[in-house]
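Results of the structural survey
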Amino acid sequence: MHLILFIIFAALCLTGAVNLLFQKQPINSALSLIVVMTSIAVLYLLLGAEFLAAAQVIVYAGAIMVLFTFVVMLLNAGREERTLGSRAYRIVGFPAVAAILAVIATGFMKLQGFGDAGIQDRITSTAELSTVLFTKLLLPFEVTSVLILVAILGSVALARKGDAEGREPK
Amino acid sequence: MHLSQEVPLVWYLILSAVLFCLGALGFLIKRNLITVFMSIELMLNAVNLSFVTFAHQWHDVKGQIFVFFVMVVAAAEAAVGLAIIIAVFRARATLAVDRIDLMKL
């Protein structure tokens, strides 16, 4: 059962990621990225991370991707154009990324003592996660709230019309 | 191979490595500012997957907490990054990265 679910959602993940690369329209790339993120949420469930699976769907597939599709529509992003630069990056990119993949994959293959993943065993409950988060790691948690506040102010200031003094454009 | 068999955790790690490399490839070959940004999100997700796998292997909840913080930072980063993209589009009227290669207008 676990194997079937893993194969289905890993395949969905990879198809979505490859589709993101080869789509010309940004909106199609955004939709395939939503597929990737949702199937990663299922993989989190298979690994027993129930809170993160929910957070993945809500934060990534929900909030962040809605922001992305909103910006794609707001800026009316059309087909991307092929340029001389893109051919150069293609020639350099494929071998470079293949080399990175080879290095990471051999590193993972050499790991000793890695077990199997079962569905029933070792589910990290939300209570267990939040106990550590709100006792030991309370300060980092509070600092992230400051980070979010700064990000809100920064994005409003950046996306606003007008110049630095707040004057409206003529 | 029997279908009721358990999945080796290394497969999850390999999957996350492949996803990370697809994200890096997208970062290099895509020519649209928004799609380049989406490739960065894909790389973040791939790394999160390997964090959760390691947390599962070593029975340690800290790996999952790390993923939680990565999600928070990614949300903030997406908001600020998209605001920068909107500001760039307003100044240059294009999203092609080849035309946004100068700091000065």
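Everything quoted here is computed from the prediction, not taken from an experiment.

Overview of the overall build of chain A
- Assigned secondary structure in chain A consists of six helices and one strand.
- Going from N to C terminus, chain A has its helices and strands arranged as α-α-α-α-β-α-α.
- Its C-alpha atoms give chain A a radius of gyration of 21 Å, more than 25% over the compact-globule value 15 Å for 170 residues.
- Summarising its shape, the C-alpha atoms of chain A cover approximately 65 × 45 × 25 Å along the three principal directions.
- When the 170 residues of chain A are sorted by exposure, 25% land in the buried category.

With respect to the interface of chain B and chain A
- On the side of chain A, 73 residues touch chain B, which itself brings 62 residues to the contact.
- Of all the secondary-structure elements, those providing two or more residues to the side of chain B that touches chain A are β1 (7–8), α1 (9–29), α2 (33–57) and α3 (62–92) of chain B.
- Here the side of chain B that touches chain A takes 20 residues from α3(B), the largest share from any one element.
- Looking at the side of chain B that touches chain A residue by residue, the classes come out as 46 nonpolar, 11 polar and five charged.

What counts as what
Residues numbered from 1 in each chain as written. Chains lettered and ligands numbered in written order. Predicted model: local features only at pLDDT ≥ 70, side-chain atom pairs only at ≥ 80, totals over all residues. Helix = DSSP H or I, 4+ residues; strand = E, 2+ residues; numbered from the N terminus. Rg over C-alpha atoms; globule rule 2.2 N^0.38 Å. Buried ≥ 20, exposed ≤ 12 C-beta atoms within 10 Å, placed from the backbone. Contact = placed C-beta atoms within 7 Å. Nonpolar A, V, L, I, M, F, W, Y, C, P; charged D, E, K, R; others polar.

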